[in-house]
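Examination of the molecular architecture
Residue-level listing of the chains:
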Amino acid sequence: MTQQNMPYFEDVELGDEIGPLQKVAADGEVVEFCQLWGNPMPNRFTEAAIAAKANLPGPILPGVMSMALMAQLLTQWGGAGALKDLDLVFRQPVPHNQPLSIAATVTDTRQENGENLVECDILMTGLAGERYVGGTALLSLPTKEK
Amino acid sequence: MVMELEYDRSLYGKEHEAGPFEVTKEIIQAFSQSIGETGAVFNDESAAQTAGYRSVVAPPTLCTLYVRRVELPDINLKFGRTRFHAGQRVQAKASICAGDFLTASSHLKEVYPKTGRSGTMVFIVWETTFRNQDGEVVADVQESYAARE
């Protein structure tokens, strides 16, 4: 299962930066996501008035949608089947219609049980440096060795 | 001092199941569209098959859509006035492709307190295992909820 421009394990070093991936989650995309998710609407993810009742500054992204956006950085970099583990903490509500920057830093590389593993810290931030969602990821990459 | 938590401990060891859910090409494409995922294997069947997959591939967190289809009981935690989604973990074990049928099985993994500068919070962690139509485990998902005073 290979994709073009996929990095090899040997090319990755500690401290390498992945991304950033710039995203904006528009109102319509959040509504579309909530429809797929099956969450009854309207809700705090889609309606300003309901979000306000929950003391939120506006409608926010569901955590599972933030996670999907962050996984995208890793699949774009490592390939569709590279991501093995994504473990996130939702630190602050993520707003709609605002620039979001998703980036990761390689914190470890190792070969284990025949797999070539790359571990990263990953973070979603806002325009003013807000740290919305953070966590760690583990990817498995191909090797140049035959 | 260890904080004594009051909740329904009889829930440990009980599995709560849901499904099967058919993962259609349309669901994968709608999920990809809603997050702006343009990768060929997630959107185009021939590109996915050229890359060695059976059909269009589900982005690795797509199974999180189905976690809340499992009806989970209230653990009757006697702590906190508000609860929020604190974290989520997905461990992908195998590819999920269009045409797969997933079943979900959830159990209470742990409940624990944590004290920081803003006070004490209690975390409730549910773990859901997804299997495909062949009984193969394709993903484990952990959802954490925090209760705050």
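So, here's what we can say about the structure. (Residues numbered from 1 in each chain as written. Chains lettered and ligands numbered in written order. Predicted model: local features only at pLDDT ≥ 70, side-chain atom pairs only at ≥ 80, totals over all residues. Heavy atoms only, no water.)

Some thoughts on unusual backbone geometry
Using the following cut-off: Numbering of helices and strands runs from the N terminus, with a helix taken as a DSSP run of H or I at least four residues long and a strand as a DSSP run of E at least two residues long. Three labels apply to residues, based on accessible area from a 1.4 Å probe with only protein chains included: buried if under 20% of the type maximum, exposed if over 50%, partly exposed otherwise in between.
The step from Gly19(A) to Pro20(A) runs through a cis peptide bond, and the omega angle for that step is 10 degrees. With respect to the helices and strands, Pro20(A) occurs in strand 1 (residues 17-24). In the segment running from Met41(A) into Pro42(A), the intervening peptide bond is cis, with an omega of 0 degrees. Note on placement: Pro42(A) falls in the loop between helix 1 (27-37) and helix 2 (48-53). Despite not being glycine, Asn97(A) has its phi angle at roughly 55 degrees, a positive value. Phi at Asn76(B) is positive, roughly 55 degrees, even though this residue is not glycine. Along the chain, the position of Asn76(B) falls in the loop between helix 3 (45-50) and strand 2 (82-92). The class for Asn76(B) is partly exposed, based on a relative accessible area of 38%.

Focus: the nonpolar core
Defined as follows: Remark: nonpolar core denotes a set of buried residues (Ala, Val, Leu, Ile, Met, Phe, Trp, Tyr, Cys) joined through side-chain atoms within 4.5 Å. Should any heavy atoms of two residues lie within 4.5 Å, those residues are counted as being in contact.
Counting residues in hydrophobic clusters, the biggest one holds 66 residues, and the most contacted among them are Leu74(A), Leu86(A), Ile122(A), Met124(A) and Phe130(B). Apart from residues no more than four positions distant in its own chain, Leu86(A) is found in contact with Met67(A), Ala71(A), Leu74(A), Ile122(A), Thr136(A), Ala137(A), Gln88(B), Arg89(B) and Val90(B). By size, the runner-up hydrophobic cluster in this structure holds 12 residues, among which are Leu5(B), Ile75(B), Leu108(B) and Val111(B).

Thoughts on the interface of chain B and chain A
How we decide: Note on definitions: buried area is the accessible-area loss of two parts on being combined, 1.4 Å probe, summed for both. We define a salt bridge as a contact between a side-chain nitrogen of Lys or Arg and a carboxyl oxygen of Asp or Glu at a distance within 4 Å. Between N or O atoms, a polar contact is any pair within 3.5 Å; within protein, one atom must be a potential hydrogen donor and the other a potential acceptor, and residues adjacent in sequence are included only when both atoms are from side chains.
Contacts between the two partners involve 28 residues from chain B and, on the opposite side, 29 residues from chain A. For the chain B and chain A pair, buried surface summed over both sides reaches about 2,600 Å², with 56% attributable to carbon and sulfur atoms. Across the contact surface, chain B and chain A share 2 salt bridges. We note a salt bridge from Asp85(A) to Arg89(B), for which the minimum N-O separation is 2.5 Å. For the pair chain B and chain A, the number of links is 8 residue pairs in polar contact (both at pLDDT 80 or more). Counting residues per element, the ones that place at least two in the side of chain B that touches chain A are helix 1 (25-35), helix 2 (40-43) and strand 2 of chain B.

Comments concerning the pairing of strand 2 of chain B
What counts here: By definition, two strands form a pair when at least two bridges between them are found by DSSP.
The sheet contact formed by strand 2 (residues 83-90) of chain A and strand 2 of chain B spans 5 bridges and is antiparallel. Of the residues in strand 2 of chain B, the one forming a bridge with Leu88(A) is Gln88(B). Looking at chain direction, strand 2 of chain B and strand 5 (residues 137-148) of chain B are connected through 10 bridges and run antiparallel. Bridge pairing in strand 5 of chain B places His85(B) opposite Tyr145(B).

Structural notes on empty space enclosed by the protein
Residues and elements named next belong to chain B. What counts, and what does not: Both site types are read off a 1 Å grid over the protein atoms alone. A 1.4 Å probe that fits but cannot get out defines a cavity, while an open set with protein on both sides within 12 Å along at least five of seven lines defines a pocket; lining residues have an atom within 4 Å of a point. Grid points are joined across faces, edges and corners, and a volume is the space filled by probe spheres set on the points. In this count, Pro and Cys sit with the nonpolar residues alongside Ala, Val, Leu, Ile, Met, Phe, Trp and Tyr, while Asp, Glu, Lys and Arg are called charged and the others, Gly among them, polar.
Under the defined criterion, the tally for this structure stands at 1 cavity of 30 Å³ or more. Only strand 4 (119-131) and strand 5 provide two or more residues apiece to the lining of the largest cavity. Tallied by class, the residues present in the lining of the largest cavity amount to 4 nonpolar, 3 polar and 2 charged.

Thoughts on the sheet that holds strand 5 of chain B
Here is the rule: To get an axis, fit a line to the C-alpha atoms, keeping to the stretch in contact for a helix; angles then go from 0 to 180 degrees between the N-to-C directions.
The strand order across the open sheet formed by 10 strands is 1(A)-3(A)-4(A)-5(A)-2(A)-2(B)-5(B)-4(B)-3(B)-1(B), and the pairing between neighbours is antiparallel. Two strands lie at the open edges of the sheet, namely strand 1 of chain A together with strand 1 (16-22) of chain B, each paired on one side alone. On average, each strand axis in the sheet is inclined to that of its neighbour by 20 degrees, with strand direction left out of account.

Digging into the packing of helix 1 of chain A against helix 1 of chain B
Rule in force here: What sets the label is the angle itself: under 35 degrees gives roughly parallel, over 145 gives roughly antiparallel, 65 to 115 gives roughly perpendicular, and the rest give oblique. In this scheme the handedness of a crossing depends on how the near helix is turned from the far one: anticlockwise by less than a right angle means left-handed, clockwise means right-handed.
With their axes 8 Å apart at the nearest point, helix 1 of chain A and helix 1 of chain B run at an angle of 150 degrees to one another. Here helix 1 of chain A lies roughly antiparallel to helix 1 of chain B, going by the angle between them. Every pair of crossing elements has a handedness; the one defined by helix 1 of chain A and helix 1 of chain B is left-handed. Judged by residue contacts, Glu29(A), Glu32(A), Phe33(A) and Leu36(A) of helix 1 of chain A engage Ile27(B), Ala30(B), Phe31(B), Gln33(B), Ser34(B) and Ile35(B) from helix 1 of chain B. Among the residues forming the contact of helix 1 of chain A with helix 1 of chain B, the class breakdown is 6 nonpolar, 2 polar and 2 charged.

Any link to function would need more than the numbers given here.
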